[in-house]
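Commentary on secondary and tertiary structure
Residues per chain, in single letters:
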Amino acid sequence: MPLTFLTADRAFDEAADDIALPHHDENRWRRPYRPGPWRVGAAALLLLLASYMLVAAVIVAFAGALSATVTAVVSAAVVIALALRVLRMGVWVSAHGLRQAALLTTRTVPWDRLSRVRTVQQPVKWLGLPRTLQGQALVAVPDGGEPLRPLLTDHNADFLGRPGAFDRAADAVEGWAAHYGR
């Protein structure tokens, strides 16, 4: 029995191949995968912490300490900015190139400066922590330069426990590299 409120899901399932939508703009930066549950969970916990900090700022404001209120509000704003940056971390692609956003830095490499983008088996970090284990990583090698740090790994915050999502994301980035690269 078809339900009308599931039309969007059914239309998504029917579009199995990646057909460009009419509003598809290849010059706009986009992440070729969805953020993983670990990344979203970390951002949610940071936002929860920020909400407690804002409630504390209101309580301190009613107590009459202006400098402590300002400190609490600024600290909460920093935590909110950190949560948003955690959500923005990852690999972004467009017709202009490949962008790798980390917590504090962002590096953009044009497609014509990349010699290859491929998936390799190598030791990878587990959730970005110092502990390493054997896994898959998507690496990009620029012309005449040292390789970038791994773009994606199957044990990072986006793909831990989701090997199918890693494969789809790696294929999507490799597809962008094949289409716009040399």
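See above for the structure.
Residues numbered from 1 in each chain as written. Predicted model: local features only at pLDDT ≥ 70, side-chain atom pairs only at ≥ 80, totals over all residues. Heavy atoms only, no water.

**A closer look at helix 2 (residues 37-63)**
- Here helix 2 spans 39 Å end to end across 27 residues, near enough to the 39 Å set by a 1.5 Å rise per residue.
- Among the residues making up helix 2, those that are buried are Arg39, Ala43, Leu46, Ala50 and Ala57.
- The inward-facing, buried residues of helix 2 contact helix 3 (66-88).
- Phi for glycine 64, located one or two positions after helix 2, is positive at around 100°. (Helix = DSSP H or I, 4+ residues; strand = E, 2+ residues; numbered from the N terminus. Expected span 1.5 Å × (residues − 1). Buried < 20%, exposed > 50% of the residue type's maximum accessible area, 1.4 Å probe, protein only. Contact = heavy atoms within 4.5 Å.)

**Some remarks on helix 4 (residues 163-180)**
- Across its 18 residues, helix 4 extends 26 Å between first and last C-alpha, which sits within 8% of the 26 Å expected from 1.5 Å per residue.
- Three or more residues of helix 4 are buried, namely Ala165, Phe166, Ala169, Ala170, Val173, Trp176 and Ala177. Looking down the long axis of helix 4, one finds its buried residues gathered within 130° of arc, a one-sided arrangement. Set apart from the buried face of helix 4 by more than 90 degrees, the exposed residues are Pro163, Arg168, Asp171, Ala178 and His179.
- Those residues of helix 4 hidden inside the fold are in contact with strand 1 (90-94), strand 2 (97-101), strand 4 (114-125), strand 5 (132-142) and strand 6 (152-153). (Arc of directions from axis to C-beta.)

**A few points about the side chain of aspartate 154**
- With respect to the secondary-structure elements, aspartate 154 resides in the loop between strand 6 and helix 4.
- Despite its burial, aspartate 154 pairs with no opposite charge, the nearest such side chain being arginine 162 at 12 Å.
- Side chain to side chain, aspartate 154 and histidine 155 meet in a polar contact 2.8 Å long.
- Setting aside its immediate chain neighbours within four residues, aspartate 154 contacts Val124, Gly135, Gln136, Phe159, Leu160 and Phe166. (Lys, Arg positive; Asp, Glu negative; His and termini not counted. Salt bridge = Lys/Arg side-chain N within 4 Å of Asp/Glu carboxyl O. Polar contact = N/O pair within 3.5 Å; in protein donor to acceptor, adjacent residues only side chain to side chain.)

**A short note on the sheet that holds strand 4**
- If you walk across this open sheet you meet the three strands as 4-5-6, and the pairing is antiparallel. Only two strands of the sheet have a single partner each, and these edge strands are strand 4 and strand 6.
- Pairing of strand 5 with strand 6, which is carried by two bridges, proceeds in the antiparallel orientation. Bridge assignment links leucine 138 to a residue of strand 6, and that residue is leucine 152. (Pairing = 2+ DSSP bridges.)

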